[in-house]
Amino acid sequence: MITRIRFGLNYRLWTAVFAVAAMLLLSACAPTSAPQAAPEATVAPSEGGPVGASAAPEASAALPEIAITARDFAFDVPAEIPSGWVSLTLTNEGEVNHHGIVMRLLDGVTMDDALAAMGDEEGDQVEISDLSFFLPDTNPGSSNQATVEMAPGHWIIFSVSMDAATDGEMTPDFVRGSIAEFDVLESDAMAAAPEADLTLTSGADDVDFPTEMTAGTHTIQVIKESGQENGYAFILKMEDGATMDDVMAMFDALFSGQEMDMANMPVFYAVGGLMAYNLGDSYYTTVDLTPGDYT
């Protein structure tokens, strides 16, 4: 079942999560008998990011695989995660769409403080957190994966989505239990970043990425060259005739605070990527592309 991306209640939080998008229409084609070779990935160093490790350090440990499960309404996440490169997979075992906003809390900020700030229309993310990223909305029975470089500290994961169909009211998911806390512990082990077969470079006003590729599994290195602290790239599969222009119009309405036409929103779903990423200059996402059009 394909569901529409759902948006939360706090526009100040969402506008901190999103930035103006430069969009690119992509096409995944079924493999042929002689597929073209994938372009080589470019590995860029972190260059003074908050974690401070290079994008591909010499490995002395296997890449940690961290499973995060979203339910109606809770997150199952390990209580402790090692610092450095880790592979995160968000799997939705609920019956409605779920996402995960992941934040490192500032020293002295508790999860109760974060809940109070999220419920405050005048609240601001910078008052509770310095590092963050967003695992995109994930349909029931589906997963989204990303490999990121995690910094030590106390972190939370939560959802701000609302769906009146589940309780008759527009109650945000974190109020109903979709929030959990965990610690990232300093680790001496140096796991290497994964090998990428595609590179997506996000500039200040454009995106450098192949517009056509073979169907199947790809590991994409996303490199941020926008000059901004925050950056993101996430890949959407279009359904039911939705176009890139439809998606852009929807985001324009969201960014400007206009009332959104929920009955006629374009239908799409995320297949990988991150949003509001400020951990460094690079991350990775592994996606399984089926034939079709993507943005």
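Just so it is clear, the model here is predicted, and its values are computed rather than measured.

Here's the deal with the overall build of the chain
Here is step 1 of the chain: Tallying secondary structure elements over the chain gives four helices and 18 strands in all.
Here is step 2 of the chain: The proportion of buried residues among the 295 residues of the chain is 51%.
Here is step 3 of the chain: Of all intrachain contacts in the chain linking residues separated by at least 6 positions in sequence, the fraction that spans at least 24 positions is 76%.
Here is step 4 of the chain: Surface accessibility of the chain: about 13,300 Å² in total, with carbon and sulfur atoms responsible for 49%.

Details of the confidence of the model for the chain
Here is step 1 of the chain: When pLDDT is averaged across the chain, the result is 80; 79% of the residues are at 70 or more.
Here is step 2 of the chain: Below a pLDDT of 50 lies the segment residues 1-20, which in the model reaches 77 contacts outside its immediate sequence neighbourhood of four places, other chains included.
Here is step 3 of the chain: Taken as a whole, residues 32-57 scores under 50 in pLDDT and shows 47 contacts with residues more than four places along the chain or in a different chain.

Here's the deal with the side chain of T69
Here is step 1 of the chain: One can find T69 in strand β2 (residues 65-71).
Here is step 2 of the chain: With residues near it in sequence (within four places) discarded, T69 still touches A74, F75, D76, T91 and E93.

Description of the pattern of salt bridges
Here is step 1 of the chain: Across all of its chains, the model carries three salt bridges by this definition.
Here is step 2 of the chain: Taking the shortest distance from any N to any O, the salt bridge between R71 and D76 comes out at 2.5 Å.
Here is step 3 of the chain: Judged by its relative accessible area of 33%, R71 falls in the partly exposed class.
Here is step 4 of the chain: Linked through salt bridges whose partners overlap, the residues forming this network are R71, D76 and E93.

So, helix α4 (residues 244-256)
Here is step 1 of the chain: In this model α4 runs 18 Å from its N-terminal to its C-terminal C-alpha over 13 residues, within 8% of the 18 Å that 1.5 Å per residue would give.
Here is step 2 of the chain: The complete set of buried residues in α4 reads V247, M250, F251, A253 and L254. With its buried residues spanning 155° around the axis, α4 presents them on a single face.
Here is step 3 of the chain: Of the residues trailing α4, G257 is marked for its positive phi of about 75°.

As for helix α2 (residues 111-118)
Here is step 1 of the chain: When we look at burial in α2, the residues that qualify are M111, A114, A117 and M118. When α2 is viewed along its axis, its buried side chains cluster within an angular range of 120° and face the same direction. Residues of α2 that are exposed and angled more than 90 degrees away from the buried face: D112 and A116.
Here is step 2 of the chain: Those residues of α2 that are buried lie in contact with β6 (98-105), β9 (153-158) and β10 (179-185).

Reading the values: the criteria
Residues numbered from 1 in each chain as written. Predicted model: local features only at pLDDT ≥ 70, side-chain atom pairs only at ≥ 80, totals over all residues. Heavy atoms only, no water. Helix = DSSP H or I, 4+ residues; strand = E, 2+ residues; numbered from the N terminus. Buried < 20%, exposed > 50% of the residue type's maximum accessible area, 1.4 Å probe, protein only. Contact = heavy atoms within 4.5 Å. Areas by Shrake-Rupley, 256 points an atom, 1.4 Å probe, with all protein chains shown as cover. pLDDT = per-residue confidence, 0-100. Salt bridge = Lys/Arg side-chain N within 4 Å of Asp/Glu carboxyl O. Expected span 1.5 Å × (residues − 1). Arc of directions from axis to C-beta.

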